[in-house]
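These are the residues of each chain, in order.
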Amino acid sequence: MSERTQVAIIGAGPAGLVLSHLLHLQGIESVILESRSRDYVEKRIRAGMLEQRTVDLLVASGVGERLKREAMVHTGLNFQFQGERHRIPLDELTPGRNVTIYGQQEVVKDLIAARLAAGGAIRFEAAVEGMERLDGSRPLVRYRENGTLKEIEADHVAGCDGFHGVCRGAVANPTVYEKVYPFAWLGILAQVAPSCEELIYARHERGFALHTMRTPKLTRLYLQCPVEDRVEQWSDDRIWSELRARLDIPGWSLKDGPIIDKGITEMRSFVHQPMQQGRLYLAGDSAHIVPPTGAKGMNLAIADARVLAEALSAFYRSGSSEHLARYTADCLPRVWRAQHFSWWWTTLFHRFEDADARFQEQLQVSQLRYMLSSRPALTSMAENYVGLDRVV
Ligand code: RFL
Ligand code: PHB
């Protein structure tokens, strides 16, 4: 006989873990199936910037204790071009709002600890291979654990399995919107105190660079690089000299230290509609991807999980599928707002090499200068950056 639960959640990333946690607070049982080990998901270095509403949700739902103690609140950011650095006061532009630096793996660790402490079920190294009966009332999920094929029956299935997952494939006749960018990001983590208290987004003739951080002792840095580059081509010396060429300004120089992680990330904008099929609902990167420049991916994943948890709670409270039926429609306005902001923020700072490149450069500088001379333009950027409460 197969195991049963109310909601089978595929993937223990931010989307799956937040969903399971919020459902638990509503008395709804779930089982998370995760193909990787606990150690792997807790160490995977990815996002770092949380919007205000993401922090508010984590704190209000009881998983924000360590975050409140250790996270770094940022009330502003810097952007840099033509050798000038400008600080943008996010808190003044969006009264009382700011962003928080706290590594995605820390969010994941806190959520896993909370789920396990509450007796929640997370099956690590359990890879989902297929799903059946999604259009009926008893969906079935098949997964492989320790080499054995197992199955679990659920009322609903949440596909939180990321961009390379299997769930998206179960949606019939989807509409897909996609844009692939002609460059990638080389990201490093270095054991050195941040060289600046806040983030620096730099537009430079040699390409984009970003100074960010994880803790007062760990700096995270990114460099725009060609898509075909491999990490082996980037020695530590080459990375530091390229970062300095793009980030240093008179009177300020980047501090270096031992590099403890290096990785190359492709850049893509992607939306898969609808985000549901029968009793399967997609949340997070399984349904949409944004280029990392705008720091929206994890925030969107958590926003989807919140909408889905509310719709599932309404279903179990009233027996009505009304909220679940409009899950995609409820998520898409925020998804597309984040898509636009991430695309715009990416095109504003990166170096392009196509036929329009020189024209594009003039537009970038004009738009950056416009933001410095127009408070409404800067406010529009800031409210998107810190994250909008309501998107219609
Ligand atoms: P995840 O985190 O990819 O989790 C999906 C999980 O599903 C598992 N899985 C399966 N499990 C069972 N069976 C299967 N068949 C499975 N297939 C896959 C996977 O092992 C995995 O554990 O998706 P989720 O939850 O949707 O979360 C999305 C975020 O991880 C992602 O959007 C962010 O990391 C994006 N991102 C950023 N987002 C932000 O909000 N702020 C940032 O500052 C930010 N910076 C970034 C980023 C992403 C980056 N990279 C590496 C892509 C910076 C970078 C460089
Ligand atoms: C990060 O800290 O990894 C980060 C921060 C801001 C971004 C992108 C990535 O825009």
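See the structure shown above.
Residues numbered from 1 in each chain as written. Chains lettered and ligands numbered in written order. Predicted model: local features only at pLDDT ≥ 70, side-chain atom pairs only at ≥ 80, totals over all residues. Heavy atoms only, no water.

**Student:** What is the right way to look at the packing of aromatic side chains in this model?
**Tutor:** Remark: the centre distance and the inter-plane angle together describe each pair of aromatic rings, the angle taken between the planes. Going through the model one piece at a time under the given rule, you end up with 21 aromatic pairs. On the basis of an interplanar angle of 50° and a centroid distance of 6.5 Å, the ring pair of Phe-79 and Phe-81 is categorised as tilted. Across the pair, Phe-81 and Phe-79 agree in class, each one buried. Centre to centre, the rings of Trp-185 and Phe-208 are 5.5 Å apart; their planes meet at 20°, and the pair counts as stacked. One end of the pair, Trp-185, is in strand β12 (residues 175–190); the other, Phe-208, is in the loop between β13 (200–202) and β14 (209–215), with 23 residues separating them in the sequence. Taking relative accessible area as the criterion, Phe-208 reaches 0% and is therefore assigned buried. Through a chain of ring-to-ring contacts, the aromatic side chains of Phe-79, Phe-81, Trp-185, Tyr-201, Phe-208, Tyr-222, Phe-341, Trp-344, Trp-345, Phe-349 and Tyr-385 assemble into a single cluster. When the ring centre of Tyr-40 is taken as origin, the NZ or CZ atom of Arg-36, which lies over that ring, is 4.2 Å away. (Phe/Tyr/Trp six-rings, centres within 6.5 Å; stacked < 30°, edge-to-face > 60°. Buried < 20%, exposed > 50% of the residue type's maximum accessible area, 1.4 Å probe, protein only. Helix = DSSP H or I, 4+ residues; strand = E, 2+ residues; numbered from the N terminus. Lys NZ or Arg CZ within 6 Å of the ring centre and 35° of its normal.)

**Student:** How should I be thinking about the layout of surface pockets in this particular structure?
**Tutor:** To locate leftover empty space, one rolls a probe as large as a water molecule over the atoms. Empty space within the second largest pocket amounts to approximately 300 Å³. Every residue lining the second largest pocket is counted, 15 residues in all, and those nearest its centre are Arg-53, Val-307, Glu-310, Asp-330 and Cys-331. Elements supplying a minimum of two residues to the lining of the second largest pocket: α8 (297–318) and α10 (327–349). With six residues, the single largest contributor to the lining of the second largest pocket is α8. Taken together, the residues of the lining of the second largest pocket break down into five nonpolar, one polar and nine charged. (1 Å grid on protein atoms, 1.4 Å probe; cavity = no way out; pocket = protein on both sides within 12 Å on 5 of 7 lines; lining within 4 Å. Points joined across faces, edges and corners; volume = space filled by probe spheres on them. Nonpolar A, V, L, I, M, F, W, Y, C, P; charged D, E, K, R; others polar.)

**Student:** Explain the site of ligand 1 to me, please; I cannot follow it from the model alone.
**Tutor:** Near ligand 1 you find 36 residues, and of these Glu-34, Arg-44, Gln-104, Asp-285 and Met-298 are the closest. Between ligand 1 and the protein, one listed contact pairs an oxygen atom with a side-chain N or O atom of Arg-46 at 2.9 Å. Between an oxygen atom of ligand 1 and a main-chain N or O atom of Met-298, the distance comes to 2.7 Å. Taken by itself ligand 1 offers 1,000 Å² of open surface, and the protein chains cover 88% of this. The set of elements that each furnish at least two residues to the shell around ligand 1 consists of α1 (14–25), β9 (126–132), β15 (218–225) and α8. Per element, the largest residue contribution to the shell around ligand 1 is four residues, and it comes from α8. Counting contributing residues, the shell around ligand 1 receives three or more from each of domain 1 (3–74 + 99–178 + 269–345) and domain 2 (179–267 + 355–386). (Near = heavy atom within 4 Å. Polar contact = N/O pair within 3.5 Å; in protein donor to acceptor, adjacent residues only side chain to side chain. Areas by Shrake-Rupley, 256 points an atom, 1.4 Å probe, with all protein chains shown as cover. Domains from an automatic or database assignment.)

**Student:** What exactly am I supposed to notice about the site of ligand 2 here?
**Tutor:** All residues adjacent to ligand 2 are Arg-46, Gly-48, Leu-199, Tyr-201, Leu-210, Thr-212, Arg-214, Tyr-222, Pro-292, Thr-293 and Ala-295. In the model, an oxygen atom of ligand 2 is placed 2.6 Å from a nitrogen or oxygen of the Tyr-201 side chain. Thr-293 has a polar backbone atom sitting 2.6 Å from an oxygen atom of ligand 2. Coverage of ligand 2 by the protein amounts to 97% of the 280 Å² it exposes when considered alone. Considering every element that reaches the shell around ligand 2, the biggest residue donor is β14, with three residues. Class assignment of the residues belonging to the shell around ligand 2 gives a composition of six nonpolar, three polar and two charged. In this structure, the shell around ligand 2 is formed jointly by two domains, domain 1 (3–74 + 99–178 + 269–345) and domain 2 (179–267 + 355–386), each of which donates at least three residues.

**Student:** Mind showing me how you'd approach empty space enclosed by the protein here?
**Tutor:** Counted under the stated rule, the structure contains five cavities of 30 Å³ or more. Reported here for the largest cavity is a volume of approximately 120 Å³. Around the largest cavity, the lining is made up of 15 residues, and of these Glu-51, Lys-296, Arg-334, Ala-338 and Leu-388 lie nearest the centre. Broken down by element, the residue count for the lining of the largest cavity peaks at four residues, all from α10. A breakdown of the residues in the lining of the largest cavity according to their chemical character gives six nonpolar, three polar and six charged.

**Student:** What exactly am I supposed to notice about helix α12 (residues 375–386) here?
**Tutor:** Two residues of an α-helix separated by three or four positions point the same way, owing to the 3.6 residues in each turn. Across its 12 residues, α12 extends 16 Å between first and last C-alpha, which sits within 8% of the 16 Å expected from 1.5 Å per residue. Sitting at the amino-terminal end of α12 is Ser-374, which places a side-chain oxygen 3.1 Å from the backbone nitrogen of Ala-377. Once α12 finishes, Gly-387 follows within two positions and takes phi at roughly 100°, a positive value. (Expected span 1.5 Å × (residues − 1).)

**Student:** It is not clear to me how the environment of Arg-4 should be interpreted in this structure. Could you clarify?
**Tutor:** Inspection of the secondary structure puts Arg-4 in strand β1 (residues 3–10). The class of Arg-4 is partly exposed, set by a relative accessible area of 36%. For the pair formed by Arg-4 and Ala-314, sequence separation is 310 residues and the distance between their alpha carbons is 21 Å. Look past the residues within four positions of Arg-4 in its chain and what remains in contact with it is Glu-29, Arg-138, Glu-153, Ala-154 and Asp-155. A polar contact of 3.0 Å, which involves the side chain of Arg-4, links it to the side chain of Glu-153. (Contact = heavy atoms within 4.5 Å.)

**Student:** Is there a simple way to think about the side chain of Ser-20 in this case?
**Tutor:** Of note, Ser-20 is situated in helix α1. Under the relative-accessibility criterion, Ser-20 is labelled buried at 1%. Leave out the neighbours within four places in its chain, and Ser-20 touches Ile-9, Ser-30, Ile-32 and Arg-115.

**Student:** Is there a simple way to explain the pairing of strand β16 (residues 259–273) in this structure?
**Tutor:** In summary, the side chains of a regular strand alternate between the two faces of the sheet. Sheet topology places β12 next to β16; 13 bridges connect them, and they run antiparallel. Across the sheet, residue Lys-179 finds its bridge partner in β16, namely Ser-269. For β16 and strand β19 (residues 288–289), the ladder comprises two bridges, and the chain directions are antiparallel. For Val-271, the partnering residue across the bridge sits in β19 and is His-288. (Pairing = 2+ DSSP bridges.)

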